[in-house]
Amino acid sequence: MLESHESKLTLSSHTWTRTMFATRGAHQFSKKLQPFLGFPFKSCSWFRRTIINHVHSFTHSKQKRPVRQVNQLASRSTKSVQKLDIDPPKVFMRDTITRISHTLRFSTWDSAQEQLMKLPIKWDSYTVNQVLKTHPPMEKAWLFFSWASKLKGFKHDQFTYTTMLDIFGEAGRISSMNYIFKQMQDKGIKIDAVTYTSLIHWLSDHGDIAESIKLWQDMKDKGCVPNVVCYTAYMKCLFDHNRVKEGATIYKEMLQSGCSPNCHTYTVLMEHLANSGKFDRVLEIFNKMQDAGVQPDKATCNILVEKCCKAGETQAMMKILHYMKEKFLVLRYSVYQEAFHMLKMAGVSDRLLRDVNRHMSLQNFKQDQIDESYGIAESSCFTLDDRMILYLLNKKSLVAVDYLLDNLMNKRLKLDPGIVTTVVEVNCNCGRVNGAFLAFEVGVKLGITIERITYLTMVGELIRTNSFSRVVDIVEAMVGAGLSLGSELTALLIYRLGCAGKPASAEKLFSILPDQQKSIAVYTALINTYFTCGNADKGLAIFETMRKQGINVALSTYCVLLNGLERNGLFDKLQPYRKEKKRLKSESCSREMSMEETVCDLLFAES
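Keep in mind it's a predicted model, so treat the numbers as computed, not measured.

1. What about the overall build of the protein?
Part 1: Along its length, the protein carries 35 helices and zero strands.
Part 2: For the protein, the proportion of contacts with a sequence separation of at least 24, taken over those separated by at least 6, is 63%.
Part 3: In the form shown here, the protein has an accessible surface area of approximately 33100 Å², with 54% of it arising from carbon and sulfur atoms.

2. Quick notes on unusual backbone geometry
Part 1: Of note, His135 is a non-glycine position whose phi angle comes to about 55°, a positive value.
Part 2: Here His135 is to be found in the loop between helix 6 (125–133) and helix 7 (138–149).
Part 3: Unlike most non-glycine residues, Phe328 shows phi in positive territory, near 60°.

3. As for the packing of aromatic side chains
Part 1: Inspection of every chain in the model, using the stated rule, returns 15 aromatic pairs.
Part 2: Between Phe145 and Tyr161, the aromatic rings sit 5.4 Å apart at their centres with planes inclined by 75°, giving edge-to-face as the arrangement. Of this pair, Phe145 sits in helix 7 while Tyr161 is found in helix 8 (residues 158–170), placing the two residues 16 residues apart along the sequence. When sorted by exposure, Phe145 lands in the same class as Tyr161, which is buried.
Part 3: Through pairs of rings, three or more aromatic residues link up here, namely Trp142, Phe145, Tyr161 and Phe168.
Part 4: Residue placement shows Lys518 over the ring face of Phe510; its charged tip is 4.5 Å from the ring centre.

4. A closer look at the UniProt feature "repeat: PPR" (unreviewed entry) in the protein
Part 1: Taken from the UniProt record, the annotation "repeat: PPR" (unreviewed entry) applies to residues 157–191, 192–226, 227–261, 262–296, 297–331 and 519–553.
Part 2: Between the end C-alpha atoms of residues 519–553 there is a gap of 10 Å, over a span that is 74% helix and 0% strand.

5. What to know about the pattern of salt bridges
Part 1: Applying the stated criterion across every chain yields a total of 17 salt bridges.
Part 2: Close ionic contact of Glu271 with Lys236 constitutes a salt bridge, the shortest N to O distance being 3.6 Å. Of this pair, Glu271 sits in helix 14 (residues 263–275) while Lys236 is found in helix 12 (residues 228–240), placing the two residues 35 residues apart along the sequence.
Part 3: The closest approach of N and O atoms between Asp355 and Lys325, which form a salt bridge, is 3.6 Å.

6. Some thoughts on helix 8
An α-helical segment advances 3.6 residues per turn. Residues three or four places apart therefore align on the same side.
Part 1: The first and last C-alpha atoms of helix 8 sit 18 Å apart over 13 residues, in line with the 18 Å expected at 1.5 Å per residue.
Part 2: Of all the 13 residues making up helix 8, ten are buried; the element is thus mostly covered by neighbouring parts of the structure.
Part 3: Among the residues making up helix 8, those that are buried are Gln158, Thr160, Tyr161, Thr162, Thr163, Met164, Leu165, Ile167, Phe168 and Gly169.
Part 4: Residues of helix 8 that are buried sit in contact with helix 6, helix 7, helix 9 (174–186) and helix 10 (193–205).
Part 5: Downstream of helix 8 by a residue or two, Gly172 has a phi angle that is positive, lying close to 80°.

7. Re the packing of helix 25 (residues 417–429) against helix 26 (residues 433–445)
Part 1: Axis separation between helix 25 and helix 26 bottoms out at 8 Å; the angle between their running directions is 165°. Here helix 25 lies roughly antiparallel to helix 26, going by the angle between them. Between helix 25 and helix 26 lies a crossing of left-handed hand. Residues Val420, Val423, Val424, Asn427 and Cys428 of helix 25 lie in contact with helix 26, whose contacting residues are Gly435, Ala436, Ala439, Phe440 and Gly443.
Part 2: Residues belonging to the contact of helix 25 with helix 26 are distributed by class as follows: seven nonpolar, three polar and no charged.

8. Re the environment of Glu507
Part 1: Tracing the backbone through its elements, the reader meets Glu507 in helix 30 (residues 503–512).
Part 2: Classification of Glu507 by relative accessible area gives partly exposed; the value is 36%.
Part 3: As for Glu507 and Ile494, which are separated by 13 residues in sequence, their C-alpha atoms are 8.3 Å apart.

9. Quick word on the side chain of Glu580
Part 1: Structurally, the position occupied by Glu580 is in helix 34 (residues 574–588).
Part 2: By relative accessible area, which is 15% here, Glu580 ends up buried.
Part 3: In terms of polar contacts, Glu580 uses its side chain to reach the side chain of Tyr558, at 2.7 Å.
Part 4: Apart from the residues lying within four places of it in its own chain, the contact partners of Glu580 are Phe543, Arg547 and Tyr558.

What counts and how
Residues numbered from 1 in each chain as written. Predicted model: local features only at pLDDT ≥ 70, side-chain atom pairs only at ≥ 80, totals over all residues. Heavy atoms only, no water. Helix = DSSP H or I, 4+ residues; strand = E, 2+ residues; numbered from the N terminus. Contact = heavy atoms within 4.5 Å. Areas by Shrake-Rupley, 256 points an atom, 1.4 Å probe, with all protein chains shown as cover. Phe/Tyr/Trp six-rings, centres within 6.5 Å; stacked < 30°, edge-to-face > 60°. Buried < 20%, exposed > 50% of the residue type's maximum accessible area, 1.4 Å probe, protein only. Lys NZ or Arg CZ within 6 Å of the ring centre and 35° of its normal. UniProt positions renumbered as here; feature names shortened; annotations may be inferred. Salt bridge = Lys/Arg side-chain N within 4 Å of Asp/Glu carboxyl O. Expected span 1.5 Å × (residues − 1). Axes fitted to C-alpha atoms, helices over the stretch in contact; angles between N-to-C directions. Parallel < 35°, antiparallel > 145°, perpendicular 65-115°, else oblique. Left-handed = near helix turned anticlockwise from the far one by under 90°. Nonpolar A, V, L, I, M, F, W, Y, C, P; charged D, E, K, R; others polar. Polar contact = N/O pair within 3.5 Å; in protein donor to acceptor, adjacent residues only side chain to side chain.

This is the structure we're talking about:
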């Protein structure tokens, strides 16, 4: 009996030892796999538990039991432990709301009601409001709204009522909208500026400006303070119904109340002035809003360009297009088409319009538009080779263009820079990376400088196709032409090279950059690249070089450094850098962060 007992103890100890080594192996395996997973090692707990559970299962299955019944019990208990340890997949609220919205859209109400009752969720105001904001069909939205009101423990509030009111208003059901508003009043539901704004807007939109004015006065009489959105919506209603003096009075009242105009407020003012033909005043406000720190957005620029098209105002349009080019904003396709035809009718070059909207300009490229596109005379400047390439582009014979460019590169014949730029863009738009890179090589060998936005277009296309070695060549050509990729884009590109396992390319890219372009974010990206690729020594060396060069270290740099050391198992080197990070964090509370530090923290704070 004693020998039997000792043999069992020996067997148990061997099993425990194998399990421990297997667990450590799974732990080390998950650590090595972590750079490929793309999230921190600490968040791999589920993965580690799953690996460990499978190892436990394997060791239990290999262990021999003297009694068959005991073996079955052990097997069952192991399976139950596995099921308990594995967390069920999380169901996010946005997925649930999407599911409810699809149910309302694509099922009959009877079927939808049955499915809604089976959902294991708590119905609250937020959930109901989010479902209504997905804009299901109006009838279904009302049935769902009424059904929710009968749920035990649920009560509609100002948010759900306002959303339902807005749905009726958008559908033109003004009587139903007024019915919802009356219910809010009868039930004592809080009515705020958002509710009044929706009512005023939809009543005015359907021609009842008198009722909108009455509601505005009623809102103020009841002590509901309007915000900038409410002021702007009411101003637009007044301007749309030619009540200019009243609209101007409301604008002055808004300023006196302390509400600062936002981009939409300025847009309403400029839209009204454009409708009145006062484009000089439009440009005046367009400049003043920028001085006030409010930048015109894409929607504003589209509205103003559309107004310029209708009035035939080319001068104001060009100034807006110049702003859009600087801020990398583009037009909607319909507005672009309208502007294109207006400039053609006015006999004005559309080169600037094409520069702003390069992704759309090639759709309207025709042989008879060459003169306007480049602002030069075809007969005097375009060679036979230029004409041939343009003809082939117009026929979409891109393979023939490749052969022609290859032949011209060997003969070292000159081409128009605009032609090379157009070939690059056409190939990028068609997903032909090799064709675009060939045109780029032709430009480099012939000494042709293309525009910065064309370089960026190529960089984006090459990244999408994982052609990282070619990206470095593009950046080298940009630097040689005196152009900058920008600190943020350079840092992101080095980071992507690290994720793709290309530390040599990242190092080459870093060495190409002038010293003034090697910012905190760029250094941090290179440090992260080395740690990601398992070269911790180089990562630490770059960090020390960064400090020797007198470049400030951001908090996110320490985050990258500490995480990299942990991933590479260098735990003995963590403590000094943790102290430095803690000291820097305490100092940062008493000083203002530089723009470079802010950019670096935005890019790498979670690394």
